Amino acid sequence: MTSPIILVIDDDKNHAEITAEALERVGCRCHVATSGTEGLDWLTRERYDIVITDLKIYDIDGMEILRHAKAQDPSVEVVLITGHACVTSAVEAMQKGAANYLEKPINLENLRTLVKNLLEKQALSRDNLDLHRALDKRYGFEGLIGETAAMQRIFDIMAQIAPTSATVLVTGESGTGKELVARAIHNGSRRREGPFVPLNCAAMSGGLLESELFGHEKGAFTGAYRKREGRFESATRGTLFLDELGDMPLDTQAKLLRILEEQKVQRVGSNDLISIDVRLIGATNRNLSEEVEAGRFREDLYFRLRVVEIQIPPLRDRKQDIPLLIKHYLEEFQLLHGKSELTLSPAAQKCLVELPWPGNVRELRNVIENLVLLSTNPTVELEHLPSELIGSAVALPRSAPSLSAGMSLRDAEKLLIGKTLEQTGGNRDQAATILGIGVRTLYRKIKEYDLR
Ligand SMILES: Nc1ncnc2c1ncn2[C@@H]1O[C@H](COP(=O)(O)OP(=O)(O)OP(=O)(O)O)[C@@H](O)[C@H]1O
Ligand SMILES: [Mg+2]
């Protein structure tokens with residue numbers, strides 16, 4: 001069992017440190033963030049068991065932290081720290097998924113008991129979740145959803161190679177789930193107790209990237225005030241995930257190749273070789289064989305990386321997975337945002353299945369989250385879908401006009417009667433009841449507006 005890891009976010013630095021110390025004394029590992037931005041940054045980099053956050057931070061609201069933490073990992077427990085005056089917002093936060101709140105100044109003994117209970121509860125539910133996932137493998141693998149043959153084949157490969165230490169290259173368009181696949185492979189390996197260290201190679205210039213990857217000695221370059229270990233070292237006994245690998249400069253590629261061959265790394269500015277014990281998973285949305293062709297990617301490195309290559313097809317090539325993903329995200333976001341059940345009308349669902357989804361699963365996920373947050377009806381109809389989305393569905397009929405201010409009462413009445421009749425499949429008795437008018441009046445209006 002590794003020790004639980006906790007993120008403490010509080011712009012009152014003293015308070016944050018006292019809290020962290022109290023928890024470290026009972027065996028927890030703690031990270032402290034003294035601003036909301038720093039907190040969110042940690043949240044995207046690490047997986048926490050518990051997040052303890054002040055409700056009022058100067059830059060970002062505690063509720064926002066709660067939302068991000070839960071979106072990142074629904075099983076994380078979030079505890080809010082609040083001043084006496086803000087107890088109502090804390091209660092609201094609990095309705096939105098926070099585990100509990102404590103009033104300032106916090107009683108450290110109470111805090112420790114709360115944390116202990118939360119960890120126990122969480123271990124139980126995570127066990128259940130693991131079991132559930134294992135049983136539900138027919139439809140997915142480690143949080144990855146897909147029942148199409150293409151996805152099933154990917155899950156099979158993953159199950160086969162996860163326990164080994166083989167280098168893996170994951171390719172696919174943006175938003176197809178490359179990082180999710182990499183994390184699932186890590187979680188399915190013996191390295192799961194070790195760290196999963198992601199690094200985006202596109203976001204940095206060559207020099208900076210090398211010092212991130214390999215580390216550097218004090219004084220190795222201007223600004224290197226302290227010696228620092230690189231990501232290869234931090235990923236010891238775990239997995240290093242090199243994202244956007246196709247964007248790595250050629251010089252750095254050469255160094256990476258040498259490391260993979262020698263299994264040793266050299267910090268920038270040092271002559272010592274440090275042995276590494278890391279599994280490498282790379283990802284890119286570029287076509288690496290084309291990059292090789294164009295002289296932008298080293299062929300020898302390409303061969304070295306693609307010992308196993310997992311190509312994730314774009315969502316539009318596996319449309320049968322879309323209903324399953326919709327269902328999954330509806331459930332997830334209803335739970336996360338404490339919303340009541342939402343369903344899609346057959347027409348709306350069909351539209352979503354037929355869209356080209358250039359942003360793949362990420363885009364679909366965002367659309368569903370928006371619908372869950374903004375829908376006022378329990379059923380999402382075609383016309384409730386975001387218009388910019390429908391605009392991209394070439395084969396789709398123009399969306400019907402919808403009720404809105406600026407319309408005459410007569411047009412509104414016509415539209416409403418028409419829609420109600422549509423909904424009742426032409427049944428006039430039912431439509432009259434829904435509209436709260438007599439059947440005779442309805443007949444008259446149908447004739448008047450020529451609604452047949
Ligand atoms: N098969 C899937 N089942 C469930 N969720 C998925 C699946 N594929 C992707 N997702 C979700 O879609 C989002 C994008 O996934 P991810 O970040 O892994 O994509 P990516 O391929 O790394 O994208 P990029 O190239 O833009 O970095 C995440 O929220 C992820 O959880
Ligand atoms: Mg990614």
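Here goes a summary of the coordinates provided. (Residues numbered from 1 in each chain as written. Chains lettered and ligands numbered in written order. Predicted model: local features only at pLDDT ≥ 70, side-chain atom pairs only at ≥ 80, totals over all residues. Heavy atoms only, no water.)

1. Regarding the site of ligand 1
- Residues in close proximity to ligand 1 total 17 residues, the closest being I145, S174, G175, K178 and Y329.
- Here R362 contributes a side-chain N or O atom positioned 2.9 Å from an oxygen atom of ligand 1.
- Measuring from an oxygen atom of ligand 1, one finds a side-chain N or O atom of R365 at 3.3 Å.
- Out of a free accessible area of 640 Å², ligand 1 has 87% covered by protein chains.
- Mapped onto the shell around ligand 1, the elements with two or more residues apiece are β7 (144–145), α7 (178–187), α13 (322–337) and α15 (360–374). (Near = heavy atom within 4 Å. Polar contact = N/O pair within 3.5 Å; in protein donor to acceptor, adjacent residues only side chain to side chain. Areas by Shrake-Rupley, 256 points an atom, 1.4 Å probe, with all protein chains shown as cover. Helix = DSSP H or I, 4+ residues; strand = E, 2+ residues; numbered from the N terminus.)

2. Concerning the pattern of salt bridges
- On inspection of all chains with the given rule, the structure shows 32 salt bridges.
- Of the charged contacts, one joins D54 and K104 as a salt bridge, the two residues approaching to 3.4 Å between their closest N and O atoms. Residue D54 is located in strand β3 (residues 50–54), and its partner K104 is located in the loop between β5 (100–103) and α5 (108–135); the two are separated by 50 residues in the primary sequence.
- Accessibility expressed as a relative area gives 5% for D54, which makes it buried.
- For K104, a relative accessible area of 28% puts it in the partly exposed group. (Salt bridge = Lys/Arg side-chain N within 4 Å of Asp/Glu carboxyl O. Buried < 20%, exposed > 50% of the residue type's maximum accessible area, 1.4 Å probe, protein only.)

3. Some details on the pairing of strand β4 (residues 77–82)
- Here β4 lies mainly inside the structure; six of its six residues are buried.
- As defined by bridge partners, β3 adjoins β4 across five bridges and the pair is classed as parallel. Counterpart to I50 in the pairing with β4 is E77.
- Of the crossover connections in this fold, the one passing from β3 over helix α3 (residues 62–72) to the parallel β4 is right-handed.
- Taken together, the four bridges between β4 and β5 define a ladder with parallel strand orientation. Pairing of V79 across the sheet is with N100, part of β5. (Pairing = 2+ DSSP bridges. Right-handed = clockwise from strand over helix to strand, strands pointing away.)

4. Thoughts on the sheet that holds strand β16 (residues 308–311)
- Spatially, β9-β12-β15-β8-β16 is the arrangement adopted by the five strands of the open sheet, whose pairing is parallel. Strands at the two margins of the open sheet, each flanked by one partner only, are β9 (196–200) and β16. If you compare each strand with its neighbour and ignore which way they point, the axes differ by 20° on average.
- Two strands pair when backbone bridges link them, and strand β8 (residues 168–171) and strand β15 (residues 278–284) are joined in this way by four bridges, in the parallel orientation. (Axes fitted to C-alpha atoms, helices over the stretch in contact; angles between N-to-C directions.)

5. Quick look at the pairing of β15
- With respect to burial, β15 is a largely interior element, seven of its seven residues being buried.
- In β15, alternate side chains face the same way, and those of V278, L280, G282 and T284 on one face and R279, I281 and A283 on the other are all buried.
- Where strand β12 (residues 238–243) meets β15, five bridges bridge the pair, whose relative direction is parallel. Bridge assignment links L242 to a residue of β15, and that residue is G282.

6. Observations regarding helix α6 (residues 149–161)
- Taking 1.5 Å of rise per residue, 13 residues should cover 18 Å, and α6 covers 18 Å from first to last C-alpha, within 8% of that figure.
- All of the buried residues in α6 are M151, I154, F155, M158 and I161. For α6, the angular spread of the buried residues around the axis is 140°, confining them to a single face. Set apart from the buried face of α6 by more than 90 degrees, the exposed residues are A149, R153 and Q160. (Expected span 1.5 Å × (residues − 1). Arc of directions from axis to C-beta.)

7. Looking at the packing of aromatic side chains
- In the structure shown here, the tally under the stated rule is four aromatic pairs.
- Centroid distance F196 to F241: 5.8 Å. Interplanar angle 25°. Geometry classified as stacked. Of the two residues, F196 sits in strand β9 while F241 sits in strand β12, which places them 45 residues apart along the sequence. Residues F196 and F241 agree in their burial class; the two are buried.
- The ring of W42 is capped by R45, whose NZ or CZ atom sits 5.0 Å from the centre of that ring. (Phe/Tyr/Trp six-rings, centres within 6.5 Å; stacked < 30°, edge-to-face > 60°. Lys NZ or Arg CZ within 6 Å of the ring centre and 35° of its normal.)

8. Regarding the sheet that holds β5
- Within the open sheet, the five strands sit side by side as β2-β1-β3-β4-β5. Their pairing is parallel. Looking at the sheet topology across the chains shown, the edges are occupied by β2 (29–33) and β5. Neighbouring strand axes in the sheet, compared pairwise and without regard to direction, differ in orientation by 20° on average.
- Taken strand by strand, helix α4 (residues 87–95) contacts β4 and β5, and its axis lies near 160° from that of β5. (Contact = heavy atoms within 4.5 Å.)

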